[in-house]
Amino acid sequence: MTTQAGVIDHSSGDSTTIVDGATVADEAARFISAGVVPHVIGGERRESIAGGQRELVNPSTGNTFGAVADGTAEDLDAAVQAARQAYDDGRWRHLAPREQEARLHRLADLLEQHKEVTGDLDALDAGILRRYASYISQYSANALRYYAGWPTKMVGQIPPVGPDYVVQERVEPIGVMGVIKPWNGPGAIFAQVAPALAAGNSVVLKPAEHSPLSATYMALLALEAGIPPGVFNVVHGDGVVGSALVAHRGVNRLSFTGSVGTGRALAAAAAQTFKKVNLELGGKSPVLVFPDADLETAVAAATTTVWNNSGQVCTAGTRTLVHRSIYDEFVDEAVRVSQDLTVGNAFDPASQLGPLITPAQLAKVRSYVELGKSEGATMRFEGSVSCSGGNYQAPVIFADVRNDMTIAREEIFGPVMSIIPFDDEAEAYRLANDSEFGLAAGVFTTDIARANRAAAALDAGTVWLNCYQVTDAAVSYGGAKASGYGRSLGAPALEEYTRRKAVWSRNY
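Read on for a plain summary of the structure. All values reported here derive from a predicted model rather than from experimental measurement.

Each value, and the rule that gives it
Residues numbered from 1 in each chain as written. Predicted model: local features only at pLDDT ≥ 70, side-chain atom pairs only at ≥ 80, totals over all residues. Heavy atoms only, no water. Helix = DSSP H or I, 4+ residues; strand = E, 2+ residues; numbered from the N terminus. Rg over C-alpha atoms; globule rule 2.2 N^0.38 Å. Buried < 20%, exposed > 50% of the residue type's maximum accessible area, 1.4 Å probe, protein only. Contact = heavy atoms within 4.5 Å. Areas by Shrake-Rupley, 256 points an atom, 1.4 Å probe, with all protein chains shown as cover. Lys, Arg positive; Asp, Glu negative; His and termini not counted. Charge placed at Lys NZ, Arg CZ, Asp CG, Glu CD. Pairing = 2+ DSSP bridges. Axes fitted to C-alpha atoms, helices over the stretch in contact; angles between N-to-C directions. Right-handed = clockwise from strand over helix to strand, strands pointing away. Salt bridge = Lys/Arg side-chain N within 4 Å of Asp/Glu carboxyl O. Parallel < 35°, antiparallel > 145°, perpendicular 65-115°, else oblique. Nonpolar A, V, L, I, M, F, W, Y, C, P; charged D, E, K, R; others polar. Core = buried A, V, L, I, M, F, W, Y, C linked by side-chain atoms within 4.5 Å.

**Quick look at the overall build of the protein chain**
Phase 1 of the analysis: Scanning the protein chain from terminus to terminus reveals 16 helices and 24 strands.
Phase 2 of the analysis: A globule of 508 residues ought to have a C-alpha radius of gyration of about 23 Å, and the protein chain, at 24 Å, matches this closely.
Phase 3 of the analysis: Each principal axis of the C-alpha atoms in the protein chain carries an extent, and together these give about 75 × 65 × 40 Å.
Phase 4 of the analysis: Within the span of the protein chain, comprising 508 residues, buried residues form 58% of the whole.
Phase 5 of the analysis: Restricting to contacts in the protein chain with at least 6 residues of sequence separation, those with at least 24 account for 74%.
Phase 6 of the analysis: Approximately 19,600 Å² of the protein chain is accessible, and the part contributed by carbon and sulfur atoms is 51%.
Phase 7 of the analysis: Charged side chains in the protein chain number 42 positive and 56 negative. The centres of these two groups are separated by 7 Å.

**A closer look at the sheet that holds strand 18 (residues 416–422)**
Phase 1 of the analysis: Taken in spatial order, the seven strands line up as 16-17-18-15-14-20-21 in an open sheet, and their pairing is mixed. On the outer flanks of this sheet lie strand 16 (378–382) and strand 21 (462–465), each paired with one strand and no other. Direction aside, neighbouring strands of the sheet carry axes that sit 20° apart on average.
Phase 2 of the analysis: Pairing of strand 14 (residues 286–289) with strand 20 (residues 440–444), which is carried by three bridges, proceeds in the parallel orientation. Residue Val287 lies in a different strand from strand 20, and its bridge partner there is Gly442.
Phase 3 of the analysis: Along the sheet, helix 10 (residues 295–307) makes contact with strand 14, strand 15 (319–323), strand 17 (396–399), strand 18 and strand 20, crossing strand 18 at roughly 140°.

**What about the pairing of strand 10 (residues 202–206)?**
Phase 1 of the analysis: For strand 10, the tally of buried residues reaches five of five residues, placing the bulk of the element in the interior.
Phase 2 of the analysis: Inspection of the sheet shows strand 9 (residues 176–180) paired to strand 10 by five bridges, in the parallel sense. Its bridge partner lying in strand 10, Gly178 is registered against Val204.
Phase 3 of the analysis: Read from strand 9 through helix 6 (residues 190–198) to strand 10, the crossover connection turns out right-handed.
Phase 4 of the analysis: Direction of pairing for strand 10 relative to strand 11 (residues 232–234): parallel, over a ladder of three bridges. Opposite Leu205, over in strand 11, you have Val234 as the bridge partner.
Phase 5 of the analysis: As a crossover connection, the stretch from strand 10 through helix 7 (residues 213–225) into strand 11 is right-handed.

**Things to note about the pattern of salt bridges**
Phase 1 of the analysis: One pass over the full model with this rule turns up 28 salt bridges.
Phase 2 of the analysis: Arg145 is the salt-bridge partner of Asp109, the closest N and O atoms lying 2.3 Å from each other. In this pair, Asp109 sits in helix 3 (residues 97–113) while Arg145 sits in helix 5 (residues 130–148), placing the two residues 36 residues apart along the sequence.
Phase 3 of the analysis: A residue is classified by how much of its surface remains accessible, and Asp109, at 32% relative accessible area, is partly exposed.
Phase 4 of the analysis: Note that Arg253 and Glu496 form a salt bridge whose closest N and O atoms lie 2.4 Å from each other. In this pair, Arg253 is assigned in strand 12 (residues 253–257) and Glu496 in helix 16 (residues 490–496), connecting sequence segments 243 residues apart.
Phase 5 of the analysis: Overlapping salt bridges, with partners in common, bring together Asp292, Glu425, Arg450 and Arg453 in one network.

**Digging into the packing of helix 1 (residues 26–33) against helix 7**
Phase 1 of the analysis: In the contact formed by helix 1 and helix 7, the axes pass within 12 Å of each other and the chain directions differ by 105°. Judged by the angle between their axes, helix 1 and helix 7 are roughly perpendicular. Every residue of helix 7 that contacts helix 1 at Glu27, Phe31 and Ile32 is listed here: Leu213, Thr216, Tyr217 and Leu220.
Phase 2 of the analysis: Tallied by class, residues from the contact of helix 1 with helix 7 come to five nonpolar, one polar and one charged.

**Considering unusual backbone geometry**
Phase 1 of the analysis: Phi at Asp20 is positive, roughly 50°, even though this residue is not glycine.
Phase 2 of the analysis: Structurally, the position occupied by Asp20 is in the loop between strand 2 (16–19) and strand 3 (22–25).
Phase 3 of the analysis: The partly exposed category is assigned to Asp20, whose relative accessible area is 27%.
Phase 4 of the analysis: With phi around 60°, Phe413 is a residue other than glycine that occupies positive phi space.

**Some thoughts on the nonpolar core**
Phase 1 of the analysis: In this structure, Phe190 and Phe232 are the most contacted members of the largest nonpolar core, which totals 66 residues.
Phase 2 of the analysis: Sorting elements by how many residues they give to this core places helix 7 first, with nine residues.
Phase 3 of the analysis: Apart from the residues within four sequence positions on either side, Phe190 is in contact with Leu107, Leu111, Ser140, Ala143, Leu144, Pro195, Leu197, Met218 and Phe232.
Phase 4 of the analysis: Core analysis: the next-biggest nonpolar cluster, separate from the first, contains 29 residues, Leu341, Met417, Ile419 and Tyr468 among them.

Structural data, given as structure tokens:
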């Protein structure tokens, strides 16, 4: 079944409705209860061609609360064709740059006006704490604001080459972009999509199958903002749809956020059709705490980064490296500040950690906890879970961790903190860099010279000094080693979604 996407009915104002025991914005409830959440292809709401549906499950309760279209390669092909048509006919890339900017700003306005709705949707299907989900939606709006200023500035260069020729080096969009997003931050869609749109491309987005709601809603907001039909398409489904997106010859460029294994396979498959790929593959980020650090600040930052979103954050600083002279004090303080954390429903204002995304992810995290104990780490703290029915994992702190233990090597993607001692600066850098990952790192010290040495020594795409997980849409982001390649955010991201063309003209 196909229907025009139309404009979302925003008439409900501030009224609320109960969905699976949670109080959500009436607009969010109406969006879910309208029927199977559709794909958005070519400006139309579409059911799956094969009629497939997938249940929507609330990670906070384990209850089914709705359904989403479950796509196949056929649905993906329809989306790529719609994106290609929109690109080829120039309905977006040939639009006046000032008008492109106005519409991107309009979309940012809509995201900000309705971030409570997208926050409710992300809390329901991804289990993200309600207050954090609104922050993620604002993050998307901020990215749009930044990139909305670029269309009027995407100009070519005229290099001097002598009197016989006139040369223009043009900056052009690439074509159809394929974007595959994970479930741990579904509302952050426009961190990848905004630069692609600002550069004049069309986009086909495949959100994670477990957290599809906000992607569809935002695609409808994009149409409302005046982004032409076919420029931003959303297709739901599992890895079958993702594989079809990677292999499709009508897709020119890919951006993927996810696991190392999937990223490796995706890059190999994309090479068959010579697609450029941007990969953000997670990490095992170190947080280095030197003896002169402000201990209270360091402990607060180090614990917050692991407990944030229940550890389901790619930059989570799950390897905390602490100088031996303050090691015991640091561990005691980390345990103390974590003792009263509340694990619970994403909609409960008292909850400080929400559920994990699925029962399978919960089982995976629990297996790592048991592995840590069996390998000889000391479990200094395990919190408690007072609620039932959802995928809840209490926060865990391991001390006496060696860098060769599995819990220090592999990305757990759950609230498990490993604290590792070091004796001097050289050992700290050696341990920090002794990892296949290189996404981010944090350093806590009051010695500015040491901070600068650390920033140079650490093999990571982002280094935070006396802070952690600070971001801005104007500052690029990306990883090293197995954490992937390519940059998102900032001006460098535009280079990922454009190509240069040299045009030579001879003077007669």
